[in-house]
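Examination of the molecular architecture
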Amino acid sequence: QVQLVESGGGLVEPGGSLRLSCAASGSIFSMYTMGWYRQAPGKQRELVAGITSGLRINYVDSVKGRFTISRDNAKNTVYLQMNSLKFEDTAVYYCNAHYVTVSGFGYDYWGQGTQVTVSS
């Protein structure tokens, strides 16, 4: 079982920055693929950014060049640095930990979510 605790959300003006953090419990954090998802009102949850155990990174097109995902395995923490925030970035942001065993079983864990509101 993995517990994920997000922090760092809040209210920010357009063009501003926020850094989200997700602290994970457990001893095999480094083996998980970590991701940040978001869900805006009336929309489906979407993957914003992901980082594998081998540090491969991917972003949804709408945040490329503005958001940066990183991880610190020594601290069991994944970060999402969000710059040049736009109104459309407003959403609840969720941290996800994904792991697949050698036998093919997949496990997904979710944090409780943190609200990011971009407003003037």
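Just above sits the structure.
Figured I'd write up the structure that's included with this text.

Cut-off values and rules
- Residues numbered from 1 in each chain as written.
- Predicted model: local features only at pLDDT ≥ 70, side-chain atom pairs only at ≥ 80, totals over all residues.
- Heavy atoms only, no water.
- Phe/Tyr/Trp six-rings, centres within 6.5 Å; stacked < 30°, edge-to-face > 60°.
- Helix = DSSP H or I, 4+ residues; strand = E, 2+ residues; numbered from the N terminus.
- Lys NZ or Arg CZ within 6 Å of the ring centre and 35° of its normal.
- Salt bridge = Lys/Arg side-chain N within 4 Å of Asp/Glu carboxyl O.
- Buried < 20%, exposed > 50% of the residue type's maximum accessible area, 1.4 Å probe, protein only.

This brings us to the packing of aromatic side chains. Within the structure shown, the criterion is met by three aromatic pairs. Measuring from ring centre to ring centre gives 5.3 Å for Tyr32 and Tyr99, while their planes differ by 45°; the resulting arrangement is tilted. Residue Tyr32 is located in the loop between strand 3 (18-24) and strand 4 (33-39), and its partner Tyr99 is located in strand 9 (residues 91-100); the two are separated by 67 residues in the primary sequence. Ring centres of Tyr37 and Trp110 lie 4.9 Å apart, and the angle between their planes is 65°; this geometry places the pair in the edge-to-face category. Of the two residues, Tyr37 sits in strand 4 while Trp110 sits in strand 10 (residues 106-110), which places them 73 residues apart along the sequence. Connected via pairs of aromatic rings, a cluster forms that spans Tyr32, Tyr99 and Tyr109. Over the ring of Tyr94 we find Arg45; its NZ or CZ atom is 3.8 Å from the centre of that ring.

Counting across every chain of the model gives four salt bridges. The residue Asp61 makes a salt bridge to Lys64 at a minimum N-O spacing of 2.9 Å. Owing to a relative accessible area of 59%, Asp61 belongs among the exposed residues under this scheme. With relative accessibility at 48%, the residue Lys64 sits in the partly exposed group. With its nearest N and O atoms 2.8 Å apart, the salt bridge here joins Arg66 to Asp89. With Arg66 in the loop between strand 6 (57-59) and strand 7 (67-72) and Asp89 in the loop between strand 8 (77-82) and strand 9, the pair connects residues that are 23 residues apart, well separated along the chain.

A few words now on unusual backbone geometry. Within the chain, Asn76 stands out as a residue other than glycine whose phi angle is a positive 50°. Mapped onto the elements, Asn76 comes out in the loop between strand 7 and strand 8. For Asn76, a relative accessible area of 17% translates into the label buried. Its identity is not glycine, yet Ser84 carries a phi of approximately 50°, on the positive side. Position of Ser84 among the secondary structure elements: in the loop between strand 8 and strand 9. Here Ser84 falls in the partly exposed class, since its relative accessible area comes to 40%.

In short, shape yes, function no, at least from these values alone.
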